[in-house]
Amino acid sequence: MSLSSVLPDLSPWRSTRDFRLLWVQGLVTYFGSFMAMVALPLQIKELTDSPLAVGAMGAVELVPLVVFGLYGGALADAVDRRKVILLSEAALGLLAVVLLVNALLPSPLLWPLYVVAAGVSALSGLQRPALDSLMARIVPHDQLTAAAALNSFRWNVGAIAGPSLAGLVVAYAGHASAYAVTVAGFTVSVLLCTRLSPAPASHDAEKPSLKGLAEGARYAWSRPVLLGTYAVDMAAMFFAFPNAVFPFLADELDAEWALGLMYAAGAVGSLLLGLTSGWTSRVRRHGLLVVFGAAGWGLAITAAGWFSNVWVVLGCLALAGAGDMVSGLGRSTIWNQTIPDELRGRLAGIEVLSYSVGPQLGQVRAGAAAGWTGTRSAIWSGGLACVASVAVLAAALPRLVSYDATTDADARLRRERDAARAASS
């Protein structure tokens, strides 16, 4: 096997300017966002000293995510997707300013932290469908898996650097410094978004409506493969997303210094797998990637809750990240290979719910379970429940397990439409 066959496939980077812009913009945004992701729950912990109060972030984020995720999907099919991305990115930057101002107060307030968390959730739900649906339009069909791998690589770089540095910044310079980095990141990101090409809706696109949302939901419900990707991801994240209790796990292991590393460890595992992701461009059974990756995530989270050595725990979290990336590549490829462009925004809204609602509810579950049974038992029991639920879903949804990109009817139709559009342009 040659080295080029395992290294990341850079075809999407070479073939389209907008992909390069989005890749760099996302890297900058992720770095700043992950700084805030660590600083915000840590600030709540310092103000309340309550696992439930930290886990409650997931509760306040849930409803805005559901409402605006669905509306954002309909909006992405009806208006210029570039405008949605640009305006929501600017609004996220303003919320980062609110966090910065609150942190600079002599006595920072608790309630603005929850308000900002809800606002970020709403804006992310509004923006993600436009981002996701735009990717399928600007990247050639045969490069979609490679694009997903490169985007995962970008996410992981930000997820490693942001939390790792955030722990140090908060410890030595305070929360305000971490939020200042977040504000700077969004400023750069907005400037990059202004350079994206327009991405107008099709000429016969309908205005956002409940009827349009229902049409997208009916399409998703009629496709067992899509339902399987949503269900597996939601189950895995609900049962085995322990991030809310990391501050308490670090205390329990007498390793407060490792908090940032705990948040970053999963991304380290994903990054290491991403560096050898060239093989994923040759995979055709993407449903198996979804199932095996999610099961691997659950097993690794189980081990992370069981062991008491902090370095072993970090290693397990890294293995969990690698499993999550495998599953994520499978999900993203199936979505982009099978969903028609005219429904892509609405289905992207449903996708936002599938990979975001699970973690939000997972934070609540982890925080509540840690308060009742202890931090480590809340983690390992959730991991076991994840593995069991993935096994049940794989047995109940055989179409997901048997999905093949070369023979699936929806994938073949999407491939033919993309080829026809490329020929006409």
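Here the structure is a predicted model, which is why all the values come from computation and not from measurement.

Along the backbone of the protein chain there are 17 helices and 0 strands. Relative to the compact-globule value of 22 Å for 425 residues, the protein chain shows a C-alpha radius of gyration of 20 Å, a close match. Its C-alpha atoms give the protein chain principal-axis dimensions of about 60 × 45 × 45 Å. Across the 425 residues that make up the protein chain, the buried fraction comes to 58%.

Attention now moves to the nonpolar core. Membership of the largest hydrophobic core comes to 83 residues, with the highest contact counts inside it found for Tyr179, Leu226, Met262, Trp297, Leu317 and Leu347. No other element matches the 9 residues that helix α12 (residues 286-306) contributes to this core. Excluding residues that lie within four positions of it along the chain, Leu347 makes contacts with Gly216, Tyr219, Ala220, Leu226, Tyr230 and Ile339. Counting 23 residues, the second-largest nonpolar core is a separate cluster that includes Ala76, Ile138, Val139 and Cys193.

The residue Ala56 is located in helix α3 (residues 51-78) in this model. Considering only alpha carbons, one finds Ala56 and Val364, 308 residues apart in sequence, at a separation of 5.9 Å.

Once that is clear, we can look at the environment of Gly296. Checked against the element boundaries, Gly296 lands in helix α12. Given a relative accessible area of 26%, Gly296 falls into the partly exposed group. A C-alpha to C-alpha distance of 9.6 Å links Gly296 and Cys386, two positions 90 residues apart in sequence.

The subject of this paragraph is empty space enclosed by the protein. Tallied over the entire structure, the rule returns 3 cavities of 30 Å³ or more. When its volume is computed, the second largest cavity comes out at roughly 40 Å³. Among the secondary structure elements, those contributing two or more residues to the lining of the second largest cavity are α9 (224-239), α12 and α13 (310-338). Counting residues per element, the lining of the second largest cavity draws most heavily on α9, which supplies 4 residues. Broken down by class, the residue content of the lining of the second largest cavity amounts to 5 nonpolar, 1 polar and 3 charged.

Another point: the packing of helix α6 (residues 144-173) against α13. Running from N to C, α6 and α13 cross one another at 135°; their axes reach a closest spacing of 9 Å. Taken together, the axes of α6 and α13 are oblique relative to one another. For the element pair α6 and α13, the recorded crossing hand is right-handed. Residue-level contacts link Leu144, Thr145, Ala148, Ala149, Ser152 and Asn156 of α6 to Met325, Leu329, Ser332, Thr333, Asn336 and Gln337 of α13.

Definitions and cut-offs
- Residues numbered from 1 in each chain as written.
- Predicted model: local features only at pLDDT ≥ 70, side-chain atom pairs only at ≥ 80, totals over all residues.
- Heavy atoms only, no water.
- Helix = DSSP H or I, 4+ residues; strand = E, 2+ residues; numbered from the N terminus.
- Rg over C-alpha atoms; globule rule 2.2 N^0.38 Å.
- Buried < 20%, exposed > 50% of the residue type's maximum accessible area, 1.4 Å probe, protein only.
- Core = buried A, V, L, I, M, F, W, Y, C linked by side-chain atoms within 4.5 Å.
- Contact = heavy atoms within 4.5 Å.
- 1 Å grid on protein atoms, 1.4 Å probe; cavity = no way out; pocket = protein on both sides within 12 Å on 5 of 7 lines; lining within 4 Å.
- Points joined across faces, edges and corners; volume = space filled by probe spheres on them.
- Nonpolar A, V, L, I, M, F, W, Y, C, P; charged D, E, K, R; others polar.
- Axes fitted to C-alpha atoms, helices over the stretch in contact; angles between N-to-C directions.
- Parallel < 35°, antiparallel > 145°, perpendicular 65-115°, else oblique.
- Left-handed = near helix turned anticlockwise from the far one by under 90°.

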